[in-house]
Amino acid sequence: MASRKTTVPLLLVLLSLLLEFLIVKAVIIHPHDGYLNKACIEGERKALLEFKHGLEDPSGWLSSWVSADCCKWRGVDCNIQTRNVVKVDLRNRDYLYSKGLGGEISDSLLHLKYLSYLDLSSNDFQGIRIPNFLGSFERLRYLNLSNAKFGGTIPPHLGNLSQLRYLDLNGGYSYYKLTIGIYNLNWLSSLPLLKYLDLGNANLNKATTNWMQPVNMLPSLLELHLSSCEISDFSHYSDPNPFVNLTSLQVIDLSYNNFNTTLPSWLFNITTLRDLYLHHGAIRGPIPHVNLQSLGNLGTLDLSYNGIASEGIELVNGLSICCNNSLEELYLGYNRLSGELPDSLGNFNNLRSLDLSYNSFDGPFPNSIQHLTNLESLYLSRNSLSGPIPVGIGNMRRMKRLDLSLNLMNGTIPNSISQLRELTELNLDWNSWEGVIFEIHFSNLSKLEYFSLHLSPKTKKQSLRFHVRPEWIPPFNLKYIYISNCDVSPKFPSWLKTQKRLESIVLENVGVSDTIPEWLWKLDINFLVLSRNQLFGKLPNTISFRSSEVLVDLSFNRLVGLLPLWFNVTWLFLGNNLFSGTIPLEIGELTNLKVLDVCGNLLNGIIPTSISKIKYLSVINLSNNHLSGKIPKNWNNLHQLYAIDLSKNKLSGGIPDWICSISSRTQLTLGDNNLIGELFSSLQNCTQLYSLDLGNNKFSGEMPKWIGERMPSLQRLRLRGNMLSGDIPEQLCSLSDLHILDLALNNFSGAIPQCLGNLTALTSMTLLDIENDDDKTYAWYSDHMDLVVKGQDMGFESILQIVKLIDLSSNNLWGEIPEGITNLLTLGTLNLSRNHLTGKIPQTIGGMQGLETLDLSCNYLSGSIPPSMSLITSLNHLNLSHNLLSGPIPSTNQFSTFNDPSIYEANLGLCGIPLSTNCSTPNDQNHEDDQDDEADRYMTWFFISMGLGFPVGFWAVCGSLALNKSWRHAYFRFIDETIDWLHVFIIVNMVPLKRKIERVKFHG
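Since we're looking at a predicted model, the values are computed, not measured. (Residues numbered from 1 in each chain as written. Predicted model: local features only at pLDDT ≥ 70, side-chain atom pairs only at ≥ 80, totals over all residues. Heavy atoms only, no water.)

Draft legend 1. Layout of the pairing of strand β29 (residues 480-484). Counting buried positions along β29 gives 4 out of 5 residues, so the element sits mostly inside the fold. Here strand β27 (residues 450-454) runs beside β29; their pairing, made up of 5 bridges, is parallel. Bridged to F451 within β29 is I481. With 5 bridges joining them, β29 and strand β30 (residues 504-508) adopt parallel strand pairing. Within β30, the residue paired with S484 across the bridge is E508. (Buried < 20%, exposed > 50% of the residue type's maximum accessible area, 1.4 Å probe, protein only. Helix = DSSP H or I, 4+ residues; strand = E, 2+ residues; numbered from the N terminus. Pairing = 2+ DSSP bridges.)

Pasting the structure below:
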């Protein structure tokens, strides 16, 4: 993107100051002999030494401050005639790599009576206040204290600097905890000669005076910079026609504030305005209906990152009339603009940079933009533009940067793109291109450095292919190449060998079926992605990359052999290949590693304990191998490890204490092993976990209540296939982000918690962010989980964030289905099968509009199928078999598609399609109802008679035995003889029965 610095106005300010200094120093050209050997003023030399004494100088910048002539010291300039110090410039120009000066600022500087220039910017004064005495320099014209990490309040004493032309007090980066503030701005009005003012990153929110009032009293002001000042509104100047005295102002920067209002009309009345920066300002429409003719000198307008909608188009149309010759940079990205791109864009004759990215523009690429022959940067990414790139794009001969990514464009890429001879960056990602790319497309792009062509995953890979000769030598010398999801070549592209400046290579899913050439490892690259091809062969065991941080992704290929040891690789992805053998014991020597992903291979043996030496490791993924043994117990030093995936191996033993030795773990995946024991209390320290998978192991005991209390960020919980027992704790209901709960195949008992309907993540819609799939925003760990959906085991990865599931199947749960569970409007899968649930299906279940899978089979549910279930139009998998349901099966909406009778089997009371049992007609039903009523009356009298008959019969028999001794003896003798006879009968008949059973088994 083109530089947004206001170079022209700033140059005017600096030139005016430079002229004044040249006049003072004019004698340098013809100095008098008497001045050649004259040293600096001794009193000023002592003042500078005292100033140095109070400073901290870790880099030794002031090491030259020892000689007799202070005019020769670094950063000190003197008047060549009087030898008075007039300039002290201690700006830290190496601030990215050096801390700079610190300490205290001595008031000995006051002895520099002729000081007119003071620059202490980009140093580190660690939050000390700006000294009040700096307001005592009567001749000071230039004062720069920006980015020097001063704190406290800006002193109003600076208002005494009546000769000041340039004042920069920018507080620097907002991450610094000691911010600078202003409570009184009235002192600014005492600086009538001020031309440049920067109070950026200073808190003006508590200022007693609105910022505009004192600024309006600076008639000479050329540049005003108030970015990140926590300014909240323009309320004090809401008058549509206020008096604005800024007759010279050329640059206004009010970015990174929170106005949350519309643009004030007075901004459009400043006739001298050249550059206006209002990005990140929470500005919304409408745009004032004012005469834009006053903005005839406007060269830069930045309104990006705001909330401007259709009114922005009106502004563009207006500016295309008044500023068609002056406007050079227009930034409207990250707003809410929609509709087709306006044709008026073609009227800006001198436009050099145009950014309309991240809006909602649709329609074709407008022909009017092709008329912008001076355009150098065009950013149209993340819109909904459609259609092909127009052939006329070749007319934009000065184009340097072109970004059309993340749109709905299609068609072939025109050959005329080769006419953009100045092009350095070309980004065509995430569209639906088709056709063939030939050498001619690049024939004149000798300056191309960045080329990106990630095809949309919705497009067939074969729709776009490259056709270049193996011996082709491109005219360009790329630094970055990103290509994915299209057909490049079955052989590894040999033309890449000619690209000597390559730093990043991405050739993902491009159909390469070849070995990796040796010359590739000799390139000075720091980002190499060759995943999802058919690469085969072995990798070199040792490689020396020159860069200190290197990413290598060779996953999803057919590479074989042992794991390599590449000592200066930082991010290593070798998953889903055919690597075999053990993990090298020396892997702990790869101390640069931050990500180690070797999942989905044929690795065996134990997990080396030496991994504990890789202290910067943040992700380890050893899943889906044949590793055995126990999880190492000595990884306590891995303090940056946030994602652990050891699933789908043959690991045994328990969970070691170090797993949650620090709270920063976010993903713990140990499922599908042979781990045993209870869920240890040590897991309580994993307070930041959002994914916990311990499924298909042999954990036992009760499910800890603290999972719902100590893990507030938990989104996915998979404990299926263990031996957990007890109740499902109600504390789970407090997990507001939980959207996957899989407790199937355990021994849980009790009732389903009524509060499950409070899981708020299952009541709102979650959208899939396609940017997470963009390879350039690399995911160090792709979370995955195996779930049972629609009756099948399915693996989820890229869409896991939008999967919403509750699976409590195959437990010992009893009671009724909670009514509150029907509040989960966006729940996609609900499986309560194979339990002991009773009662009826909730009548309000029809409100679960997101439900796609519902399995209530193998329970004791009774009653009818609620008619509201037919309202769940997304339902496509249903199983109600083996219950006690009765009545007619609904026949509307989705139920008309459920033609498999097995989903209703073993419900003897159900009738209707697709069952063979027809439902009764209304007359038959009335007759049956009468018969049922009659039967109910007989049953009522039957139970009354039984209730009275039992006590009468009991006491008639037992009472007689109790009163008559001879009857009692006779009765018990009869019982004993009967038992003896039964015993003999069983013994006699069991022997031939056993022989018969054995013959049947033998012949079977």
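Structure's up, so let's keep going.
Draft legend 2. Seen up close, a nonpolar patch on the surface. Together, Y95, L96 and Y97 make up an exposed nonpolar region whose accessible area comes to about 430 Å². Its location among the elements puts Y95 in the loop between β3 (85-89) and β4 (102-103). Overall, Y95 belongs to the partly exposed group, its relative accessible area being 41%. (Patch = residues over 30% accessible without salt bridge, like charges linked within 9 Å, V, L, I, M, F, W, Y side chains within 5 Å. Areas by Shrake-Rupley, 256 points an atom, 1.4 Å probe, with all protein chains shown as cover. Salt bridge = Lys/Arg side-chain N within 4 Å of Asp/Glu carboxyl O.)

Draft legend 3. Quick peek at the packing of aromatic side chains. This structure, assessed with the given rule, holds 25 aromatic pairs. Considering the side-chain rings of F51 and W65, the 6.4 Å spacing of their centres and the 45 degrees angle between planes classify their relative orientation as tilted. Linking F51 in helix α3 (residues 42-53) with W65 in the loop between β1 (55-56) and β2 (76-78), this pair joins segments that are 14 residues apart in sequence. For the pair F51 and W65, one class covers both residues: buried. Ring geometry for Y334 against Y358: centres 4.2 Å apart, planes inclined by 10 degrees, an arrangement best described as stacked. Taken as a pair, Y334 in the loop between β16 (329-331) and β17 (338-340) and Y358 in the loop between β18 (353-355) and β19 (360-364) lie far apart in primary sequence, 24 residues in all. Residue Y334 is classed as partly exposed on the basis of its relative accessible area, which comes to 30%. Exposure remark for Y358: the relative accessible area of 22% places this residue in the partly exposed category. Three or more aromatic residues joined by ring pairs form one cluster here, namely F442, F451, W472, F476 and W495. (Phe/Tyr/Trp six-rings, centres within 6.5 Å; stacked < 30°, edge-to-face > 60°.)

Draft legend 4. A look at α3. Taking 1.5 Å per residue as the helical rise, α3 with its 12 residues ought to reach 16 Å, and the 16 Å between its terminal C-alpha atoms agrees with that figure. Among all positions in α3, only E44, R45, A47, L48 and F51 are buried. The buried residues of α3 all sit within an arc of 160 degrees when viewed along its axis, so they share a single face. Of the residues in α3, the exposed ones pointing more than 90 degrees away from the buried face are K46 and H53. Where α3 is buried, its residues meet β1, β2 and β3. (Expected span 1.5 Å × (residues − 1). Arc of directions from axis to C-beta. Contact = heavy atoms within 4.5 Å.)

Draft legend 5. Quick look at the pairing of strand β28 (residues 464-467). Taking every second residue as pointing to the same face, the buried face of β28 carries L464 and F466, while none of R465 and H467 on the other face is buried. Pairing geometry for strand β26 (residues 435-438) and β28, over 4 bridges, is parallel. Within β28, the position partnered with G435 by the bridge is L464.

Draft legend 6. Region of interest: the state of the cysteines. Counted by the stated rule, this structure contains 5 disulfides. Between the sulfur atoms of C911 and its disulfide partner C919 the distance amounts to 2.0 Å. With the S-S bond torsion at 100 degrees, the cross-link from C911 to C919 turns out right-handed. With relative accessibility at 10%, the residue C911 sits in the buried group. Relative accessible area serves as the criterion here: at 34%, C919 is assigned to the partly exposed category. With its disulfide-bonded cysteines labelled consecutively along the sequence, the protein is connected as 1-2, 3-4, 5-6, 7-8, 9-10. (Disulfide = S-S within 2.5 Å.)

Draft legend 7. Local environment of the side chain of S146. Within the fold, S146 resides in the loop between β6 (142-144) and β7 (152-153). Accessibility expressed as a relative area gives 4% for S146, which makes it buried. A polar atom in the side chain of S146 sits 2.7 Å from the side chain of N144. Among residues more than four places away in sequence, those in contact with S146 are S121, S122, D168, L169 and N170. (Polar contact = N/O pair within 3.5 Å; in protein donor to acceptor, adjacent residues only side chain to side chain.)

Draft legend 8. Summary view of the sheet that holds β19. If you walk across this open sheet you meet the 5 strands as β17-β19-β21-β23-β25, and the pairing is parallel. Taken across any chain shown, the strands that pair with only one partner, and hence form the sheet edges, are β17 and β25 (432-433). In this structure, β19 lies alongside strand β21 (residues 384-387), joined through 3 bridges in parallel fashion. Counted as the bridge partner of G363 is L385 from β21.

Draft legend 9. Broad picture of the sheet that holds strand β42 (residues 650-653). Read across the open sheet, the 12 strands follow the order β32-β34-β36-β38-β40-β42-β44-β46-β48-β50-β54-β56; overall the sheet is parallel. Pairing within the sheet leaves two strands with one partner each, and these edge strands are β32 (536-538) and β56 (836-837). Pairing analysis gives 3 bridges linking strand β36 (residues 578-582) to strand β38 (residues 602-605), with the strands arranged parallel. Considered in β38, the bridge of G581 is made with L603.

Draft legend 10. Structural context of the confidence of the model for the protein. For the protein, per-residue confidence averages 87 on the pLDDT scale, and 85% of positions sit at 70 or higher. Note that pLDDT drops below 50 for residues 771-777; the model gives that stretch 18 contacts with residues more than four away or on any other chain. Across residues 923-939, where pLDDT falls below 50, the model places 2 contacts with residues more than four positions away in sequence or in other chains. (pLDDT = per-residue confidence, 0-100.)

Draft legend 11. Structural view of the pattern of salt bridges. Considering all chains together, one arrives at 17 salt bridges under this definition. Between D693 and R718 there is a salt bridge, with its nearest N and O atoms 2.8 Å apart. Remark: R718 occurs in strand β47 (residues 716-718) and D693 occurs in strand β45 (residues 691-693); sequence separation between them is 25 residues. A single burial state applies to D693 and to R718, both of which are buried. The partner of R716 in a salt bridge is D783, and the shortest N-O contact between them spans 2.6 Å. With R716 in strand β47 and D783 in the loop between β50 (747-751) and β51 (785-789), the pair connects residues that are 67 residues apart, well separated along the chain. One exposure class covers both R716 and D783, and it is buried. Among the ionic contacts, a cluster of salt bridges with common partners joins E328, E329 and R352.

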